[in-house]
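# Descriptive analysis of the structure
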Amino acid sequence: MWVLQIPQIVRHTPSQTHPCYTSRAHSRLPVTFLSLSPSNNPIKDIKNNNNQLIQSLCKGGNLKQAIHLLCSEPNPTQQTFEHLIYSCAQQKSLSDGLDIHRHLANRGFDQDPFLATKLINMYYELGSIDLARKVFEETRERTIYVWNALFRALAMVGRGEELLDLYVQMNWIGVPSDRFTYTYVLKACVVSELSVFPLQKGKEIHAHILRHGYEANIHAMTTLLDVYAKFGSVSYANSVFCAMPTKNFVSWSAMIACFAKNDMPMKALELFQLMMLEACDSVPNSVTMVSVLQACAGLAALEQGKLIHSYILRRGLDSILPVLSALITMYGKCGEISMGQRVFDNMKNRDVVSWNSLISNYGMHGFGKKAIQIFENMIHQGISPSYISFITVLGACSHAGLVEEGKILFESMLSKYRIHPGMEHYACMVDLLGRANRLDEAIKLIEDMHFEPGPTVWGSLLGSCRIHCNVELAERASTMLFELEPKNAGNYVLLADVYAEAKMWSEAKSVMKQLEARGLQKLPGCSWIEVKRKVYSFVSVDEHNPQIEEIQALLVKLSTEMKEKGYVPQTNVVLYDLDEEEKERILLGHSEKLAVAFGLINTAKGETIRIRKNLRLCEDCHAVTKFISKFANREILVRDVNRFHHFRDGVCSCGDYW
């Protein structure tokens, strides 16, 4: 009768404003209960039933009724408060959470470490991280669970540096860590903005893990792998992965993502294949497939990408938005815009990432006006553009030379969409203006920036100076880049290119000597080509391919034919002081030429040749590929570091603007 009647009594109390109002009916209920209960201790049973009823009300989502009843319960239990706290978090009610916290303190539970843990979790869920920190500070007996609760909250909201400071305190007072501690502390390394290198902090925690015997814990080690991957330490990440005694799909996926995101797509695909063969109990999930699709895109491996697409369909992962967005990008980067468009058109739901992927596809292929049209369609569909949306559409304008359209879009960011332009947007605008040889406008834009220009901005300017051979601005940009990125060899090479174009050979030699003196090496050119679902890689002057003699013979033959048709090798791109014949030999050894020749030898007539290059396509390779596309009657797709080049009948889609 007590359980059946009390909800009605709570609802029909004369005063609805005060939660602790006790009605006369309420005071008479125990008499009715006593007359029916066979218990030897009826008062104790009443209290137990009261606590059980509060817990039942919380489970049923009746938080307000539970709080009403709490006011009349003189001895609420720890479990009762646990249910109330959880219910407040579930119903996103901070006011009720504060009310429960006051009740808890008044009833003497404020120093209960178990409930302190629950309160910290509740305040985190309600977005009140400072209140969570206050609970922690006011708790005298801090068990590892209390520490972990706060660590988790701080890691999730990005307050990594604060978490790491607390971790030092915890170690100082001798509280032993557990696997959860290491997971949260490692995440803090990724989200923190440390004044010292966060990677170093990650290595220190790695040492803690080894000292305390947690190197076999799959969760801690997978998080450690993620830390190394985040900071580009692929060798460390791979060492951690290989040393793991057991691996699950999360650890496999983390290592595949590490390779994919650190420009090692071949290794990502090889590891995925190994996972499918060896890890029978590790079924790839959507996160794995996104990383594998990124690897296929990185290699322009269309056939591999199609196989992955088939697997996604069989596994029923084709309704997951990140997977579909990755598919759109993969098809675009493999030169199949129409396939990417088809995936987009068949999507039942689309988010801003899906739209951005499609805009990016058209932009990298040089279809700037189409990219702008899609951007406008997205807005008409009610999708607000994001920070990334403007990077993609401004990049599209840059590749197509749409200067005025780009300027309008850039100005609309703040005035129309309340998005403050960031470093990447300024870099896009400098690239847009610089490519169009409006370098005075580009430098003025840099000077008017509201924050210090970063390497991407100065790098865009230096790249434009290389295109238009502007020595003065190139020197200014490179001076800033040498200070901001002292270990980036590419900046030295670009400046040397500018000097070489201007026939300033002594200056070019001086820059290359600086490069060597600093122990830096020019990034070697590398190209990939997929033939019969297998990916082959070539580096400049590659002599390891078993068909190298046949490849070189074909290139010499083509070069001779081209010269008869008026081709003049552009030896100015070779920065060494050599005779013309030796420079021509070096040009014929460029990785993309080797890949094109390999494709001609190993593919059927009429088959499209697809190549991925890790650097900007040089002028000589561009001219040679145009010639080959015409006289071999082949369509050749080359994606360099900036954009796509469609070669057909002696013409490139970029219009010689790249």
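Residues numbered from 1 in each chain as written. Predicted model: local features only at pLDDT ≥ 70, side-chain atom pairs only at ≥ 80, totals over all residues. Heavy atoms only, no water.

## Description of the environment of His 622
As for its position among the elements, His 622 is in helix 34 (residues 619-631). The class for His 622 is buried, based on a relative accessible area of 2%. The spatial distance from the C-alpha of His 622 to the C-alpha of Lys 593 is 9.5 Å, given a sequence separation of 29 residues. (Helix = DSSP H or I, 4+ residues; strand = E, 2+ residues; numbered from the N terminus. Buried < 20%, exposed > 50% of the residue type's maximum accessible area, 1.4 Å probe, protein only.)

## Here we look at the UniProt feature "repeat: PPR" (unreviewed entry) in the chain
Residues annotated by UniProt as "repeat: PPR" (unreviewed entry) correspond here to residues 248-282 and 351-385. Spanning residues 351-385, this segment combines 74% helix with 0% strand, and its end C-alpha atoms are found 10 Å apart. (UniProt positions renumbered as here; feature names shortened; annotations may be inferred.)

## What to know about the layout of surface pockets
Considering only enclosed or pocket space, the second largest pocket measures out at about 540 Å³ in volume. For the lining of the second largest pocket, the secondary structure elements donating two or more residues are helix 11 (179-191), helix 13 (218-230), helix 15 (249-261) and helix 17 (286-299). For the lining of the second largest pocket, the element with the most residues is helix 15, which contributes seven residues. When its residues are assigned to classes, the lining of the second largest pocket shows ten nonpolar, seven polar and four charged. (1 Å grid on protein atoms, 1.4 Å probe; cavity = no way out; pocket = protein on both sides within 12 Å on 5 of 7 lines; lining within 4 Å. Points joined across faces, edges and corners; volume = space filled by probe spheres on them. Nonpolar A, V, L, I, M, F, W, Y, C, P; charged D, E, K, R; others polar.)

## Focus on the packing of helix 25 (residues 423-435) against helix 26 (residues 439-447)
Relative to each other, helix 25 and helix 26 sit at 160°, their axes nearing to 7 Å. Classified by the interaxial angle, the pair formed by helix 25 and helix 26 is roughly antiparallel. Of the two elements, helix 25 crosses helix 26, and the hand of that crossing is left-handed. Every residue of helix 26 that contacts helix 25 at Tyr 426, Met 429, Val 430, Leu 433 and Gly 434 is listed here: Leu 439, Glu 441, Ala 442, Leu 445 and Ile 446. Of the residues that constitute the contact of helix 25 with helix 26, the class distribution is eight nonpolar, one polar and one charged. (Axes fitted to C-alpha atoms, helices over the stretch in contact; angles between N-to-C directions. Parallel < 35°, antiparallel > 145°, perpendicular 65-115°, else oblique. Left-handed = near helix turned anticlockwise from the far one by under 90°. Contact = heavy atoms within 4.5 Å.)

## As for the sheet that holds strand 6 (residues 651-652)
Read across the sheet, six strands follow the order 2-1-3-4-5-6 without closing on themselves; strand pairing throughout is mixed. Edge strands, defined here as strands with exactly one partner in the open sheet, are strand 2 (534-539) and strand 6. Sheet analysis places strand 1 (residues 526-531) next to strand 3 (residues 609-613), joined by three bridges and oriented antiparallel. Residue pairing for strand 3: Trp 528 is matched across the bridge by Arg 612. Here helix 17 sits on the sheet and contacts strand 1, strand 2, strand 3 and strand 4 (636-639); the angle it forms with strand 4, its principal contact strand, is near 115°. (Pairing = 2+ DSSP bridges.)

## Quick look at the packing of helix 21 (residues 352-364) against helix 23 (residues 387-400)
Contact geometry of helix 21 with helix 23 gives a least axis separation of 8 Å together with a crossing angle of 10°. It follows from the interaxial angle that helix 21 and helix 23 lie roughly parallel. Contacts from Val 352, Asn 356, Ile 359, Ser 360, Gly 363 and Met 364 of helix 21 reach helix 23 at Ile 388, Ser 389, Thr 392, Val 393, Ala 396 and His 399. Partitioned by chemical class, the residues of the contact of helix 21 with helix 23 number six nonpolar, six polar and no charged.

## So, helix 5 (residues 78-90)
Compared with an ideal rise of 1.5 Å per residue, which puts 13 residues at 18 Å, helix 5 spans 18 Å between its outermost C-alpha atoms and is within 8% of the ideal. Three or more residues of helix 5 are buried, namely Thr 80, Phe 81, His 83, Leu 84, Ile 85, Ser 87, Cys 88 and Ala 89. Following helix 5 by one or two positions, Lys 92 adopts a phi angle in the positive range, close to 55°. (Expected span 1.5 Å × (residues − 1).)

## Points about the nonpolar core
Residues Leu 84, Phe 151, Ile 205, Met 255 and Leu 461 are the most contacted members of the largest nonpolar core, which totals 164 residues. Element by element, the count of residues in this core is highest for helix 9 (residues 144-156), at nine residues. For Leu 84, the residues in contact, after removing those within four places along its chain, are Ile 54, Cys 58, Leu 63, Ala 66, Ile 67, Leu 70 and Ile 100. Counting 29 residues, the second-largest nonpolar core is a separate cluster that includes Tyr 567, Leu 600, Val 624 and Ile 628. (Core = buried A, V, L, I, M, F, W, Y, C linked by side-chain atoms within 4.5 Å.)

## Some points on the environment of Gly 368
Along the chain, Gly 368 falls in helix 22 (residues 368-380). With 25 residues separating them in the primary sequence, Gly 368 and Val 393 have C-alpha atoms 7.8 Å apart. When sequence neighbours within four positions are dropped, the list of residues in contact with Gly 368 reads Ala 396, Ala 400 and Leu 402.

## Here we look at the environment of Asn 488
Counting through the fold element by element, Asn 488 comes out in the loop between helix 28 (471-484) and helix 29 (489-501). For Asn 488 and Arg 643, which are 155 residues apart along the polypeptide, the C-alpha to C-alpha distance reads 21 Å. Looking at Asn 488, its side chain comes within polar contact range of the side chain of Glu 485, at 3.1 Å. Looking at Asn 488, its side chain comes within polar contact range of the main-chain nitrogen of Gly 490, at 2.9 Å. (Polar contact = N/O pair within 3.5 Å; in protein donor to acceptor, adjacent residues only side chain to side chain.)

## A look at the pairing of strand 2
The pairing of strand 1 with strand 2 spans six bridges and is classified as antiparallel. Residue pairing for strand 2: Trp 528 is matched across the bridge by Ser 537. What sits between strand 1 and strand 2 in their antiparallel hairpin is a turn of two residues, with Lys 532 showing a positive phi close to 50°.

## Brief notes about the pattern of salt bridges
Summed over the entire model, instances satisfying the criterion amount to 27 salt bridges. When the shortest N-O distance is used, the salt bridge between Arg 142 and Glu 137 registers 3.6 Å. By relative accessible area, which is 26% here, Arg 142 ends up partly exposed. Here the salt bridges share partners, and the residues they tie into one network are Asp 130, Arg 133, Glu 137, Arg 142, Arg 159 and Glu 162. (Salt bridge = Lys/Arg side-chain N within 4 Å of Asp/Glu carboxyl O.)

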